Amino acid sequence: MPGAPARPRAILVTGALGQIGSELVPALRSRFGDDRVVASDLRTAPPGAPQAAGPHEHLDCTDIAQIQDVIARHDVGTVYHLAALLSASAEAKPQVAWSVNMGSLYNVLEAARRFRCNVFFPSSIGAFGPTTPRERTPQVTIQRPTTIYGVTKVAGELLCDYYVQRFGVDARGLRLPGLISYVAPPGGGTTDYAVDMFYQALRYAHYTCFLAPGTRLDMMYMPDAIRAMIELMAADASRLSHRNAYNVTAMSVAPAQIADEIRRHIPNFAIDYRVDPVRQAIAESWPRSLDDSAARKDWGWRPAFTLEAMVEDMLARLAERLQSADASSGRAAGGRHGPG
Ligand code: NAD
Ligand code: SER
């Protein structure tokens, strides 16, 4: 119709059934409208999943024809490309990790070039390695990771920047730390312990940790991470002195510190340690704390959750979810009232 305003283009989230996508899709839908956000994954959304409450697609990102078809059918203008293998899963299957992490990113960038889409790329603290300065790791520094996950993240950052410079694709990224959340379980990373500990604390008041007590890494509560992704994509391009990817962090903590904080709420919580050498070696190759001053200066990044605030909120919300899951499955309530 002549004069009718152009309908805003849709947002596609790949890997939408994972730990981040389970919260990013509802956040984007509440901000931009249910119909504008297309959730997609290699797995099929179970009935009742929030991702299935709006447009959703079965999409294998290693197949560029599938990506182009979904982008064309939904008139997608922005892709949040989350599909990937995380660090521990990638180390167990390096060839698959290369194919999924690099192959799918290349496909997304190529489709973005053809269909003039913007791209969000989630890099990681895993993009750094043992020769990187480990304290207050600078925005621009040595990046020689020793894991296949890290290799795909550094190569991904470079590939995204290449598409920015060579083809004008608006690609932006964050180097995310370990993410702590209660909606969906983590998908095979080295920082998964920081989520598992809460489930086990509530269920059994006991946790056996696969990293050593003093292994300090950057962490962030999911609401901060979701806000960071959306704020970065909304930022004025002229203010971005970096593209792929910005250091962001909220806290630098070790397993023993999270356990101490949980114990303030669950006094009988006990933790012991059975170190997994593979994940311990990965953790020891990563920074202990990132310098995120470039993100703060360029687009106003500020985390809202400290360790104390995150633990309080996480325990309260996860307890509610476990109780309602128990109620619907007829299971007896565990948790704070459980053994220990
Ligand atoms: P996740 O493992 O929970 O989810 C990944 C999703 O990708 C899964 O649902 C999986 O089914 C899907 N997937 C796998 N192969 C696919 C394919 N070929 N095509 C389409 N979908 C496919 O991961 P997450 O924690 O949600 O992480 C998302 C992104 O953020 C990843 O790139 C990850 O490296 C990055 N990241 C995550 C964290 C974290 O702590 N969760 C930290 C830093 C960076
Ligand atoms: N949480 C992620 C992992 O451990 C970091 O990228 O793999």
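Here the structure is a predicted model, which means the values were calculated and not measured.

Quick notes on the packing of helix α6 (residues 193-204) against helix α8 (residues 255-263)
Their axes nearest at 11 Å, the elements α6 and α8 cross at an angle of 30 degrees. One element, α6, and the other, α8, form an angle in the roughly parallel class. As α6 packs across α8, the resulting crossing turns out to be right-handed. Packed against α6, whose contacting residues are Y193, A194, M197, F198 and A201, the element α8 presents P255, I258, A259 and I262 at the interface. Considered class by class, the residues forming the contact of α6 with α8 number nine nonpolar, no polar and no charged.

Remarks on unusual backbone geometry
A cis amide bond links N244 to the next residue, A245, at an omega of 10 degrees. Mapped onto the secondary structure, A245 falls in the loop between α7 (222-234) and β10 (246-247). Non-glycine residue D75 carries a positive phi angle of around 50 degrees. Looking at where D75 falls in the secondary structure, it is placed in the loop between α2 (64-74) and β4 (76-81). Here the phi dihedral of R136 falls at roughly 45 degrees; this positive angle occurs in a residue that is not glycine.

Describing the site of ligand 2
Around ligand 2, a shell composed of L86, S87, S124, Y149, G178, G189, T190, T191 and W286 is seen. With respect to ligand 2, the side chain of Y149 contributes an N or O atom lying 2.7 Å from an oxygen atom. Summarising the interface, the protein chains cover 93% of the accessible area of ligand 2, which totals 240 Å² for the free molecule. Grouping the constituent residues of the shell around ligand 2 by class yields three nonpolar, six polar and no charged.

A short note on the sheet that holds strand β7 (residues 178-180)
Ordered in space as β7-β9-β11, the three strands form an open sheet in which the pairing is mixed. Looking at which strands have only one partner, the edges of the open sheet turn out to be β7 and β11 (251-253). With direction set aside, neighbouring strand axes in the sheet form an average angle of 45 degrees. As defined by bridge partners, strand β9 (residues 217-221) adjoins β11 across three bridges and the pair is classed as antiparallel. Its bridge partner being in β11, L217 is matched across the sheet by V253. Taken strand by strand, helix α11 (residues 307-329) contacts β7, β9 and β11, and its axis lies near 50 degrees from that of β9.

About the thresholds
Residues numbered from 1 in each chain as written. Chains lettered and ligands numbered in written order. Predicted model: local features only at pLDDT ≥ 70, side-chain atom pairs only at ≥ 80, totals over all residues. Heavy atoms only, no water. Axes fitted to C-alpha atoms, helices over the stretch in contact; angles between N-to-C directions. Helix = DSSP H or I, 4+ residues; strand = E, 2+ residues; numbered from the N terminus. Parallel < 35°, antiparallel > 145°, perpendicular 65-115°, else oblique. Left-handed = near helix turned anticlockwise from the far one by under 90°. Contact = heavy atoms within 4.5 Å. Nonpolar A, V, L, I, M, F, W, Y, C, P; charged D, E, K, R; others polar. Near = heavy atom within 4 Å. Polar contact = N/O pair within 3.5 Å; in protein donor to acceptor, adjacent residues only side chain to side chain. Areas by Shrake-Rupley, 256 points an atom, 1.4 Å probe, with all protein chains shown as cover. Pairing = 2+ DSSP bridges.

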